[in-house]
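These are the residues of each chain, in order.
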Amino acid sequence: QVQLVESGGGLVQAGDSLRLSCAASERTFSSAAMGWFRHAPGKERAFVAAITWSGGNTYYADSVKGRFTISRDNAKNTVYLQMNSLKPGDTAVYYCAADKPPYGILRTMYAYDYWGQGTQVTVSS
């Protein structure tokens, strides 16, 4: 069982930056593709970004492309989401998720086997 713990959320102003971290509990993390999703009030949980096990490929939602960067450090069992130029529309609970082999379609929730508990990001205007 992989446990994922997110951190780094908070309250910021529009235009500010935040870096979210997601620490995994076991070394098999290095074989997992990782994703970030967000859930805003009144909306469905939505894909934000994903990264393959090696870090060689990354994927982004159109709404965050050019502002957010996903990365990973397999030596630290951690995946990051650097969020720049934040907007009020980015306000949501952010979740990280792990997809162990065989891999699914990383833009969809259903690909992922394990989820963190979420971290709140609030962007004020």
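Look up: the structure comes first, before these words.
Residues numbered from 1 in each chain as written. Predicted model: local features only at pLDDT ≥ 70, side-chain atom pairs only at ≥ 80, totals over all residues. Heavy atoms only, no water.

K.L.:
In this structure, what is going on with the overall build of the protein chain? I would like to understand it.
P.N.:
When helices and strands are counted, the protein chain shows 0 helices and 11 strands. Listing the helices and strands of the protein chain from first to last along the sequence gives β-β-β-β-β-β-β-β-β-β-β. Oriented by its inertia axes, the alpha-carbon framework of the protein chain measures out at about 40 × 25 × 25 Å. Across the 125 residues of the protein chain, 44% fall into the buried class. Taking all contacts inside the protein chain whose residues are at least 6 apart in sequence as the whole, residues at least 24 apart take part in 59%. Each charge sign in the protein chain was given a centre, from 12 positive and 9 negative side chains, and these centres are 4 Å apart. (Helix = DSSP H or I, 4+ residues; strand = E, 2+ residues; numbered from the N terminus. Buried < 20%, exposed > 50% of the residue type's maximum accessible area, 1.4 Å probe, protein only. Contact = heavy atoms within 4.5 Å. Lys, Arg positive; Asp, Glu negative; His and termini not counted. Charge placed at Lys NZ, Arg CZ, Asp CG, Glu CD.)

K.L.:
Help me understand the sheet that holds strand 3 (residues 18-24) in this model?
P.N.:
In sheet architecture, strand pairing relies on hydrogen bonds along the backbone and comes in two forms, parallel and antiparallel. The 4 strands are arranged 1-3-8-7 in an open sheet whose pairing can be described as antiparallel. With partners counted over all chains shown, the strands left at the sheet margins are strand 1 (4-7) and strand 7 (68-73), one partner each. Each neighbouring strand pair of the sheet contributes to a mean axis angle of 15 degrees, computed without reference to strand direction. Both strand 3 and strand 8 (residues 78-83) contribute to a ladder of 6 bridges, which runs antiparallel. In the sheet register, R19 faces strand 8, and the bridge partner there is Q82. (Pairing = 2+ DSSP bridges. Axes fitted to C-alpha atoms, helices over the stretch in contact; angles between N-to-C directions.)

K.L.:
Quick question: what am I supposed to make of the nonpolar core here?
P.N.:
Nonpolar side chains in soluble globular proteins tend to be buried together. Judged by nonpolar contacts, the single largest core of 38 residues is most densely connected at M34, W36, L81, M83 and Y94. For this core, the secondary structure elements donating two or more residues are strand 3, strand 4 (33-39), strand 5 (46-51), strand 7, strand 8, strand 9 (92-99) and strand 11 (119-124). Discounting chain neighbours no more than four positions away, the residues touching M34 are L4, C22, F29, A49, A50, I51, I70, R72, V79, A97, A98 and Y112. (Core = buried A, V, L, I, M, F, W, Y, C linked by side-chain atoms within 4.5 Å.)

K.L.:
Whenever I open this one, the environment of V2 confuses me. Can you help?
P.N.:
Here V2 shows up in the segment before strand 1. For V2, a relative accessible area of 7% puts it in the buried group. As a C-alpha pair, V2 and F29 span 27 residues in sequence and 7.9 Å in three-dimensional space. Each residue touching V2, except ones within four places of it in the same chain, is listed here: A24, S25, E26, T28, K100 and Y114.

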